Amino acid sequence: MAETSPSRVTYDFVTRAIARTLGNPGKGYFALLAAAVALLGVGIVCLLFLLRYGLGLAGYSHPVYWAVYITCFVFWVGIAHSGTLISAILFLFRSGWRTAVYRTAEAMTVFAVMTAGLFPLIHIGRQWYFYWLIPYPNERGLWPNFKSPLIWDEFAIGTYFTVSTVFLIMGLIPDIAAVRDVATGWRKKLYAITALGWRGTNEQWRHYARGYLYLAALATPLVLSVHSVVSWDFAMAIVPGWHATIFAPYFVAGAIYSGVALVITLLVPIRKLFRLEDLITVHHFENLAKLCLLTGMIVGYAYCVEYFTAWFGGHAAEQAAFWYRAFGPFWWASWTMIICNAFLPLLLWRKTIRTSILALFVISIFVNIGMWFERFVIIVESLAGEPFERFANATYNPTWADWGIMAGSFGWFFMWFLLFVKNFPAVSISEVKEVLPAPQRGKARVS
Amino acid sequence: MLAVFGHLDATVDAIAQLRRGGHTDFTVYSPIPRHEIEDALDQPVSPVRMFTLIGGIAGCAIGAWLTLYMSYDWPIVLGGKPIGSIPPYVVIMFEMTILFGALSTILGIAFNALFAARRLGTVAYDPRFTNDKFGIFVPSEPAQAGQVESLLRGAGAEEVRRA
């Protein structure tokens, strides 16, 4: 980053620039927050109707019993993956550019898992029985079935939420201490408590840096495992379109793809609102775009493999399922997914597009639309076109309750995210300083 | 004696001189972790790694115990597979390894770095140390104070004060 930042970016500049984001953010911020809360309100009203009248409102019809809620669940879990990728995997790879964007990505991870976790609860219909998933000795002495991928999923998501939250908090401690030391008034008191006594002594850094390294080393296999486990919710079943060995890497690549796209979507307005142009530069966006391009091409490859295997495998049910997918009643969803995810990001091969913030913003939104449809295609179309159920052909259509709750989930996510970036350092103060040249008495050396 | 430094290399010089002068119980403050400071201090590797290792092994064992105990406690044959089938349980064991490993790492950092800071609560501090200044706090007898002060100033301290 040293070569991409203006020379006026010094340690002090970084602290001031990031501490400023905690001040008055202006009208634009409050307008966005109000929109997010309003969307959340829509979701809550729809959820109340769903609770009162039951899951019939969600448009379920045999054999489509997994639909928009599970689609949203997989979508949000997927979004959660880029955060830990950027903060843990790129940390282990010593990628300097991650420092300016990783806090945003990590906060996004935590809030996306919080959003994802709501959907299985909404989906089960009788939310008050959710604790049946937890391994506790009930009155009949029964335990959960650990051979079921759904219980693996519960463990994977629970672990991911816990680990990504503590990872975010760990990274925040030195930064909260930094804003504590420049803050005034009640904020100073708040940050003094939440900094947990951090003073940046050699002893603290010694244990902290070690611990952070191990956390990153633990989080790295965790990222890859979580979406693999989510994919096994499907791949372990025999439904044509789900039962594929490519699912784990396919889902992981897709998850990182959608997550990086959402990081771009979120960073563009944040950079503007909080005037962080000096810290989050075009160079960072270009690197994010390259990650998007890489994972997007893996996803495109996976689409080809899916169709190729269906054809080459010669299995009638599998072939029928994929024919249904491309040319059945939901053809529009399949083609939206293919165009948005496999073709549109190919534009990123051009450097002029990778370095245009506006173009990246637009492409990232399309990628997320495409990735939502990918999950819809996999889940709903595989069930609706299930060849074992030929006489129960579904006329499934998402209803207002589905769309309302989905909109509410976006409101919920953005509300938490906006509150976070306003109240905590949205860019890591200490890590951005780490990639700057340290102040030297002698000739300035770039480390 | 609290010294404030504006430059990294000056801090490293001061650390080397203090060590040569026989001081061992001084504290270095820095806004970011730097290998130069670590090398100059030549500290042992943090014990946090033991927390991670023990937590990870404990998590894996708990995962194995959880799945196997719960399967044999109420044996039901599912899908014609053995009651205790290891391959699916590996997923749970793996997740528990990560969960317990991460949580015990956090405990390791907390015990070693954060709570320890409370014990040293009286040690002098300057709010600029989290911004752009480096600092060294040297506890010294009044008799030695003058000598320590001149050492710190000689190494390039911007400011030295008695705390």
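Residues numbered from 1 in each chain as written. Chains lettered and ligands numbered in written order. Predicted model: local features only at pLDDT ≥ 70, side-chain atom pairs only at ≥ 80, totals over all residues.

Asks: Please set out the overall build of chain B residue by residue, giving values where relevant.
Replies: Along chain B, the regular secondary structure elements total 5 helices and 4 strands. Listed N to C, the secondary structure of chain B is β-α-β-α-α-α-β-α-β in terms of helices and strands. A compact globule built from 163 residues should have a C-alpha radius of gyration of about 15 Å, whereas chain B, at 25 Å, is more than 25% larger. Along the first, second and third principal axes, the C-alpha atoms of chain B reach 80 × 30 × 25 Å. (Helix = DSSP H or I, 4+ residues; strand = E, 2+ residues; numbered from the N terminus. Rg over C-alpha atoms; globule rule 2.2 N^0.38 Å.)

Asks: How would you sum up the overall build of chain A? Please name residues and give values.
Replies: Helix and strand counts for chain A come out as 16 helices and 0 strands. Whereas a compact globule of 447 residues would reach a radius of gyration of roughly 22 Å, chain A reaches 23 Å, a difference of no more than 12%. Dimensions of chain A, computed from the C-alpha atoms along their principal axes, are close to 80 × 55 × 40 Å. Among the 447 residues that make up chain A, the fraction classed as buried is 51%. Considering only intrachain contacts with a sequence separation of at least 6, the fraction spanning at least 24 residues in chain A is 83%. (Buried ≥ 20, exposed ≤ 12 C-beta atoms within 10 Å, placed from the backbone. Contact = placed C-beta atoms within 7 Å.)

Asks: Let's hear about the interface of chain A and chain B: which residues, and what values?
Replies: Across the boundary between the two partners, chain A contributes 52 residues, which contact 57 residues of chain B. Secondary-structure elements contributing two or more residues to the side of chain A that touches chain B are α1 (11-20), α6 (149-180), α8 (202-235) and α16 (429-434) of chain A. Considering every element that reaches the side of chain A that touches chain B, the biggest residue donor is α8(A), with 16 residues. Its residues assigned to classes, the side of chain A that touches chain B comprises 25 nonpolar, 17 polar and 10 charged. (Nonpolar A, V, L, I, M, F, W, Y, C, P; charged D, E, K, R; others polar.)

Asks: A description of the sheet that holds strand β2 (residues 27-29) of chain B should follow, citing residues and the corresponding values.
Replies: Pairing between sheet strands relies on hydrogen bonds along the backbone, with the strands arranged either parallel or antiparallel. Residues and elements named next belong to chain B. What the 4 strands build is an open sheet, ordered β2-β3-β1-β4; its pairing is antiparallel. At either end of the open sheet lies a strand with only one pairing partner, and these are β2 and β4 (159-161). Averaged over all pairs of adjacent strands, the angle between strand axes in this sheet comes to 15°, irrespective of strand direction. Relative to β4, strand β1 (residues 2-5) is paired through 3 bridges, and the arrangement is antiparallel. Paired with Val-4 across the two strands is Glu-159, which belongs to β4. (Pairing = 2+ DSSP bridges. Axes fitted to C-alpha atoms, helices over the stretch in contact; angles between N-to-C directions.)

Asks: Run through the pairing of strand β3 (residues 134-137) of chain B, naming residues and quoting values.
Replies: Residues and elements named next belong to chain B. Going residue by residue along β3, you find Phe-134 and Ile-136 tucked away on one face and Gly-135 and Phe-137 tucked away on the opposite face as well. In this structure, β1 lies alongside β3, joined through 4 bridges in antiparallel fashion. Looking at the pairing, Phe-5 lines up with Phe-134 of β3. Strand direction decides the pairing type here: β2 and β3, joined by 3 bridges, are antiparallel. Following the sheet pairing, Thr-27 is matched in β3 by Phe-137.

Asks: Please set out α8(A) residue by residue, giving values where relevant.
Replies: Taking 1.5 Å as the rise per residue, α8(A) with 34 residues should run 50 Å; its terminal C-alpha atoms sit 49 Å apart, in good agreement. Most of α8(A) sits inside the fold, with 27 of its 34 residues counted as buried. (Expected span 1.5 Å × (residues − 1).)

Asks: I'd love a proper account of the environment of B:Gly101, names of residues and values included.
Replies: Looking at where B:Gly101 falls in the secondary structure, it is placed in helix α4 (residues 86-119). Separated by 66 residues in the primary sequence, B:Gly101 and B:His35 have C-alpha atoms spaced 26 Å apart. If we skip the residues at most four places from it in the chain, B:Gly101 touches A:Leu218, B:Thr52, B:Gly55, B:Gly56 and B:Gly59.

Asks: Requested: an account of the nonpolar core, with residues and values cited.
Replies: Ranked by size, the top nonpolar core spans 158 residues in total, and within it A:Ala67, A:Met108 and A:Val263 carry the most contacts. No other element matches the 16 residues that α6(A) contributes to this core. Grouped together as the second largest cluster of nonpolar side chains are 27 residues, B:Met1, B:Ala10, B:Ile15 and B:Tyr125 included. (Core = buried A, V, L, I, M, F, W, Y, C linked by C-beta atoms within 7 Å.)

Asks: Break down the environment of A:Leu32 for me, with residues and values.
Replies: On the secondary structure map, A:Leu32 appears in helix α2 (residues 27-53). Taking the C-alpha atoms as reference points, A:Leu32 and A:Glu277, separated by 245 residues in sequence, lie 20 Å from one another.

Asks: Break down helix α14 (residues 357-384) of chain A for me, with residues and values.
Replies: For the α-helix, the turn length of 3.6 residues means that residues three or four positions removed from each other point alike. Residues and elements named next belong to chain A. Compared with an ideal rise of 1.5 Å per residue, which puts 28 residues at 40 Å, α14 spans 39 Å between its outermost C-alpha atoms and is within 8% of the ideal. A maximum bend of about 30° is found in α14 at Val-377. Within α14, 20 of the 28 residues are buried, which leaves it mostly tucked inside the rest of the structure. (Bend = angle between axes of the 7 residues up to and from the residue.)

Asks: Would you mind going over the environment of B:Pro142 in detail, with residue names and values included?
Replies: Topologically, B:Pro142 is positioned in helix α5 (residues 142-155). Expressed as a C-alpha distance, the spacing of B:Pro142 and B:Leu66, which sit 76 residues apart in the sequence, is 61 Å.

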